[in-house]
Amino acid sequence: MADEFLADGRNSSVASFFPVCEKAGREDAVGFHFGSTGGEWVAKRFPAALWEQILAELPGKKICFGTDSDFYDYAGREIHYQSVSDCSRFTAPDLSDVVEKIQGLSCFVSNDSGLAKIATACGVPTVTLFGPTDPVKNRLNNEVIVRRTDLRCSGSCQYHASLMRHCLNRLCLDISPLNILTEIQRSRTINANSRDKK
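Each chain has its residues counted from 1, running along the sequence as written. Restriction of local features to residues with pLDDT of at least 70 applies here, the model being predicted, together with a cutoff of 80 or more for giving and counting side-chain atom pairs; totals for whole chains, interfaces and linings are based on all residues. With hydrogens and water set aside, each side-chain value is computed from the structure's full complement of heavy atoms.

Enquirer: Report on the packing of aromatic side chains, specifying residues and quantitative values.
Expert: Pairing of aromatic side chains requires ring centres within 6.5 Å, counting the rings of Phe and Tyr and the six-membered ring of Trp. Pairs whose planes differ by under 30 degrees are stacked, by over 60 edge-to-face, and all others tilted. Applying the stated criterion across every chain yields a total of seven aromatic pairs. Between the aromatic rings of F71 and Y81, the centroid separation amounts to 4.9 Å while the plane-to-plane angle is 45°, which identifies the pairing as tilted. Residue F71 is located in the loop between β2 (61–65) and β3 (87–90), and its partner Y81 is located in the loop between β2 and β3; the two are separated by ten residues in the primary sequence. Y81 carries the same exposure label as F71, and that label is buried. The cationic tip of R77 hangs over the ring face of Y74; the distance from NZ or CZ to the ring centre is 5.5 Å. Secondary structure elements follow DSSP: runs of H or I of four or more residues count as helices, runs of E of two or more count as strands, with numbering from the N terminus. Relative accessible area decides the class of each residue, using a 1.4 Å probe on protein chains only: under 20% of the type maximum gives buried, over 50% gives exposed, and in between gives partly exposed. By definition, being over a ring means that NZ of Lys or CZ of Arg is both within 6 Å of the ring centre and within 35 degrees of the ring normal.

Enquirer: Could you give an account of unusual backbone geometry, with specific residues and numbers?
Expert: Phi at D86 takes a positive value of approximately 60°, unusual for a residue other than glycine. Along the chain, D86 falls in the loop between β2 and β3.

Enquirer: Run through the nonpolar core, naming residues and quoting values.
Expert: Nonpolar side chains in soluble globular proteins tend to end up buried together. Side-chain atoms within 4.5 Å are what join buried Ala, Val, Leu, Ile, Met, Phe, Trp, Tyr and Cys residues into a set we call a nonpolar core. In this structure, F32 and I184 are the most contacted members of the largest nonpolar core, which totals 28 residues. Elements with a minimum of two residues in this core: β1 (29–33), α2 (48–57), β4 (107–111), β5 (126–129) and α7 (177–197). Among all residues touching F32, those that are not within four sequence positions of it are W51, I54, L55, L58, K62, I63, C64, F65, F108, V109 and I184. By definition, residues are in contact when any of their heavy atoms lie within 4.5 Å.

Enquirer: Give me the sheet that holds strand β6 (residues 144–146): which residues, what numbers.
Expert: Taking strand neighbours across the sheet as the criterion, the six strands line up as β3-β2-β1-β4-β5-β6 in an open arrangement whose pairing is parallel. Of all the strands in the sheet, the pair left with one neighbour each is β3 and β6. Recorded for the sheet is a direction-independent mean angle of 25° between the axes of neighbouring strands. Two strands qualify as a pair provided that DSSP identifies no fewer than 2 bridges between them. Relative to β6, β5 is paired through three bridges, and the arrangement is parallel. Bridged to V127 within β6 is V144. A fitted line through C-alpha atoms represents every axis, and for helices the fit uses only the stretch in contact; the resulting angles, taken between N-to-C directions, go from 0 to 180 degrees. Those strands touched by α2 are β1, β2, β3, β4 and β5, and its axis lies near 175° from that of β1. Packing of helix α3 (residues 95–102) onto the sheet brings it into contact with β2, β3 and β4, and relative to β2 it is tilted by some 155°.

Enquirer: Talk me through the environment of F65; I want residue IDs and the actual numbers.
Expert: Here F65 is to be found in strand β2. Along the chain, F65 and L115 lie 50 residues apart, while their C-alpha atoms are 8.7 Å from each other.

Enquirer: Requested: an account of α2, with residues and values cited.
Expert: Looking only at α2, the buried set comprises A48, L50, W51, I54 and L55. For α2, the angular spread of the buried residues around the axis is 165°, confining them to a single face. For α2, the exposed residues set more than 90 degrees away from the buried face come down to A49 and A56. Directions drawn from the helix axis to the C-beta atoms are what define this arc.

Listed below in structure tokens is the structure:
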């Protein structure tokens, strides 16, 4: 089944699951999600050092989402968000509580994950990091993508699970923190400008 998109770029199947995704007042906070489901999808997780550097260099309030297992990178290294200034964690047993918290953010940053799709569907400016998965196949219309474009293999591993599990160099996960921080700031600025016009 092909994805259907609403006029504003939101995926209609996701938006219909969360019919009230627009929230008037957003706090100036950036949400983060580092994890993914298990199995070969762990290969989508970016290095802990990258996330820690972004969290440390990004000014303002930061909220990290996920279960305990989401706070580890592809190699099993823990992402230490607790020592970062103005950074907290949000967990909730019910997905509707997670959705409500996400829709109140000024920006959401994640690897290619379900929470990134929910944030995008809710109209939250979303910066998604793509490594071994394909942004052509997995990107929603208004999602900002950050990925390595200089690699032939980037995005192709999604179609070959064994490649994703057994990749030795993981170059597609080596993205400049500056590029990510730039896209976060751009997304926050666009969000602030659109709020001011209302």
